[in-house]
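Residue-level structure breakdown
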Amino acid sequence: EGVCWAHLETVDSSTQTARMLREIGFAEWTRSAGSTLPLDNFPTLRAAIEQQRLAIITRDALPAASAERDWLARRGGDVCLIVPLLNRGTTIGAFLLLDQKRSAFDGEEINLAQGIANVVSSALENARLYESLQSRARALESAYTELQGLDRAKDQFIQNVSHELRTPLIHVLGYAGLLADGTF
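The numbers attached to residues start from 1 for each chain and follow its sequence in the written order. Owing to the predicted nature of the model, reporting of local features is limited to residues with pLDDT of at least 70; listing and counting of side-chain atom pairs is limited to 80 or more, with chain, interface and lining totals taken over all residues. Each side-chain value is worked out from all heavy atoms of the structure, with water and hydrogens disregarded.

Quick look at the side chain of T91 now. Under the DSSP-based scheme used, a helix requires at least four consecutive residues in state H or I and a strand at least two consecutive residues in state E, with every element numbered from the N terminus. As for its placement among the helices and strands, T91 is situated in strand β6 (residues 90-99). For the exposure calls, accessible area comes from a 1.4 Å probe over protein chains only, and a residue counts as buried if that area is under 20% of its type's maximum, exposed if over 50%, partly exposed in between. Exposure remark for T91: the relative accessible area of 12% places this residue in the buried category. In the analysis that follows, any N or O atom pair within 3.5 Å is treated as a polar contact, provided that within protein one partner can donate a hydrogen and the other can accept it, and provided that, for residues neighboring in sequence, both atoms belong to side chains. Only 2.9 Å separates the side chain of T91 from the backbone oxygen of I49, close enough to count as a polar contact.

This is the structure we're talking about:
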């Protein structure tokens, strides 16, 4: 017995949804990564995210026809610990642990879950920053390639203009030399 399921969600405040990143446990897999939970159907999760405080819910304390109760039951959990993932004062997700025992999580388990949530928050921020840097690097590479093309076009233009000006100037210089010598 004990923790039977771990679940990691990121929060999209614009759509009021939680998007699953990863879940692992002993129950049947019910959702795939990237699927979303509408926070309107999960008031305890929403409150934990908005208040930036951990929450413990038991299946028996939830209304019989609630999405939260159904979600717990499908994963074989009787109690759920919700730990918000915080980054610079903003909730970016939630770490959920489900337990088959009806007793609440003890202090050590809560401290461990909060420590895991801190590490996961940092990892998610690092991944976001890495993706941002990769995106900027691609943009800079594209801009550099475009500049190289423009530089080649400039060199070709200068070469063409130089050739087009040099040809008539040679004739003008020749006639000017003849005029200067007095032969013409």
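In this section: helix α2 (residues 67-74). Buried residues of α2: E68, W71 and L72, and no others. Along the long axis of α2, the arc covered by the buried residues comes to 95°, so they all point the same way. Directly beyond the C-terminal end of α2, a positive phi value near 80° is found at G76. Directions from the helix axis toward the C-beta atoms define the arc.

Moving on, we come to empty space enclosed by the protein. A pocket, in this scheme, is an open set of points on a 1 Å grid over the protein atoms alone with protein on both sides within 12 Å along at least 5 of 7 lines, while a cavity is a set where a 1.4 Å probe fits but cannot get out; residues line either one if an atom lies within 4 Å of a point. Grid points are joined across faces, edges and corners, and a volume is the space filled by probe spheres set on the points. Counting across every chain of the model gives one cavity of 30 Å³ or more. The calculated volume of the largest cavity comes to roughly 60 Å³. Forming the walls of the largest cavity are L37, F42, L45, I57, E68, W71, C80, I82 and L96. Contributing elements (two or more residues each) for the lining of the largest cavity: α2 and β5 (79-87). In this count, Pro and Cys sit with the nonpolar residues alongside Ala, Val, Leu, Ile, Met, Phe, Trp and Tyr, while Asp, Glu, Lys and Arg are called charged and the others, Gly among them, polar. Across the lining of the largest cavity, the residue classes tally to eight nonpolar, no polar and one charged.

What you tend to see is this: most non-glycine residues have negative phi, and most peptide bonds are trans. Positive phi values are uncommon outside glycine, yet Q16 reaches one of about 55°. Structurally, Q16 can be placed in the loop between β1 (3-12) and β2 (17-25). A relative accessible area of 28% places Q16 in the partly exposed class. Positive phi, close to 55°, is recorded for R88, a residue that is not glycine.

Take the pattern of salt bridges next. Salt bridge, as applied in this entry: a Lys or Arg side-chain nitrogen positioned within 4 Å of an Asp or Glu carboxyl oxygen. Applying the stated rule across the entire model yields nine salt bridges. The partner of R88 in a salt bridge is E125, and the shortest N-O contact between them spans 3.7 Å. Of the two residues, R88 is situated in the loop between β5 and β6 and E125 in helix α3 (residues 107-181); the sequence distance between them amounts to 37 residues. You can call R88 exposed: its relative accessible area is 71%. One salt-bridge network, in which partners are shared between bridges, spans D40, R46 and E50.

A cluster of nonpolar residues, F157, I158, V161, L165, L169 and V172, forms a patch on the protein surface that exposes about 570 Å² of accessible area. Mapping I158 onto the fold places it in helix α3. Two distance rules govern patches: like charges are joined within 9 Å, and nonpolar side chains (Val, Leu, Ile, Met, Phe, Trp, Tyr) within 5 Å, applied only to residues with over 30% relative accessible area and no salt bridge. For the accessible areas, the method is Shrake-Rupley and the probe is 1.4 Å, while residue cover comes only from the protein chains on display.

For every residue, the predictor assigns a confidence score, pLDDT, that lies between 0 and 100. Within the chain, residue pLDDT values average 85, and 92% of them lie at 70 or more. When pLDDT is averaged over each element of the chain, β5 comes out on top at 92 and β1 at the bottom at 75.

Further remarks concern the environment of L97. Along the polypeptide, L97 turns up in strand β6. The exposure class of L97 is buried, given its relative accessible area of 12%. Along the chain, L97 and S142 lie 45 residues apart, while their C-alpha atoms are 44 Å from each other.

Moving on to helix α1 (residues 43-51). For α1, the full list of buried residues reads T44, L45, R46, A48 and I49. One or two steps after α1, the chain reaches Q52, where phi turns positive at roughly 55°.

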